[in-house]
Amino acid sequence: MEPESPSRPKELPGAHVTRASDLVSYQDGAVVSREIVKKPTGSVTIFAFDEGQGLSEHTTPFDALAQVVEGEAEIVISGQPHPLQGGEMVLMPANQPHALKALKRFKMILTMIRS
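Procedures and definitions
Residues numbered from 1 in each chain as written. Predicted model: local features only at pLDDT ≥ 70, side-chain atom pairs only at ≥ 80, totals over all residues. Heavy atoms only, no water. Helix = DSSP H or I, 4+ residues; strand = E, 2+ residues; numbered from the N terminus. Contact = heavy atoms within 4.5 Å. Areas by Shrake-Rupley, 256 points an atom, 1.4 Å probe, with all protein chains shown as cover. Lys, Arg positive; Asp, Glu negative; His and termini not counted. Charge placed at Lys NZ, Arg CZ, Asp CG, Glu CD. Pairing = 2+ DSSP bridges. Buried < 20%, exposed > 50% of the residue type's maximum accessible area, 1.4 Å probe, protein only. Polar contact = N/O pair within 3.5 Å; in protein donor to acceptor, adjacent residues only side chain to side chain. Phe/Tyr/Trp six-rings, centres within 6.5 Å; stacked < 30°, edge-to-face > 60°.

## Some points on the overall build of the protein
Next up, step 1: Assigned secondary structure in the protein consists of zero helices and seven strands.
Next up, step 2: Oriented by its inertia axes, the alpha-carbon framework of the protein measures out at about 45 × 35 × 20 Å.
Next up, step 3: Within the protein, contacts between residues at least 6 apart in sequence are counted, and of these 61% link residues at least 24 apart.
Next up, step 4: Accessible surface, the protein: about 6800 Å² in total, of which carbon and sulfur atoms supply 51%.
Next up, step 5: With 11 positive and 14 negative side-chain charges, the protein shows a spacing of 5 Å between the two charge centroids.

## Regarding the side chain of T45
Next up, step 1: If you trace the backbone, T45 turns up in strand β2 (residues 42-49).
Next up, step 2: In this structure T45 touches S33, R34, E35, I36, M108, I109 and L110, once residues within four positions along its chain are discounted.

## What about unusual backbone geometry?
Next up, step 1: Positive phi outside glycine occurs at S78, with the angle close to 50 degrees.
Next up, step 2: Within the secondary structure layout, S78 lies in the loop between β4 (63-77) and β5 (80-85).
Next up, step 3: One non-glycine residue, N95, lies in positive phi territory at about 65 degrees.
Next up, step 4: With respect to the helices and strands, the residue N95 is situated in the loop between β6 (89-92) and β7 (98-113).

## Let's talk about the pairing of strand β1 (residues 31-39)
Next up, step 1: Across eight bridges, the pairing between β1 and β2 is antiparallel. Note that in β2 the partner of R34 across the bridge is I46.
Next up, step 2: Between the antiparallel neighbours β1 and β2 lie two residues.

## Structural notes on the environment of I75
Next up, step 1: Tracing the backbone shows I75 in strand β4.
Next up, step 2: Residue I75 is classed as buried on the basis of its relative accessible area, which comes to 0%.
Next up, step 3: Taking C-alpha positions, I75 is 9.8 Å from E57, a pair spaced 18 residues apart along the chain.
Next up, step 4: Residues contacting I75, with those up to four places away along its chain left out, are A66, Q80, P81, H82, L84, V90, M92, A99 and L100.

## Some points on the side chain of H98
Next up, step 1: When you line up the elements, H98 lands in strand β7.
Next up, step 2: Among the polar contacts made by the side chain of H98, one reaches the main-chain carbonyl oxygen of Q96 at a distance of 3.0 Å.

## Section: the packing of aromatic side chains
Next up, step 1: Under the defined criterion, the tally for this structure stands at two aromatic pairs.
Next up, step 2: Taken together, a centroid distance of 4.5 Å and an interplanar angle of 5 degrees make the contact between F49 and F106 stacked. One end of the pair, F49, is in strand β2; the other, F106, is in strand β7, and 57 residues separate them in sequence. The burial state of F49 is the same as that of F106; both residues are buried.
Next up, step 3: Members of the aromatic cluster, connected to one another through ring pairs, are F47, F49 and F106.

## Describing the environment of G79
Next up, step 1: Summarising the element assignment, G79 is placed in the loop between β4 and β5.
Next up, step 2: Given the relative accessible area of 57%, G79 is considered exposed.
Next up, step 3: Note: C-alpha distance between G79 and Q96 (17 residues apart in sequence) is 9.5 Å.

It is worth stressing that arrangement in space is one thing and function is another; only the former is reported here.
Spelled out as structure tokens, the structure:
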């Protein structure tokens, strides 16, 4: 993946084939994100979580689909833990509390639908 430059947009260009895991890099002790599609009706963001990192419990007013690209994560939805590995996904329903934690380094694509 090429490093971002001021002239290169963060969004994914149309009609361009790329490997999802190449769109964002791991950083020690951090969560890294890159929004690759942003529309009024929703967005697609790819994340890289270092082992042990996560997002604390929160709710959103929209459904969100989490697709794990590689690694292992635990996503807790309304108190119910869901372990996921690369290639698996889970829908996080609107207005239900959810949290994420990296059991091992992992990357995921998050698709938010705003309707």
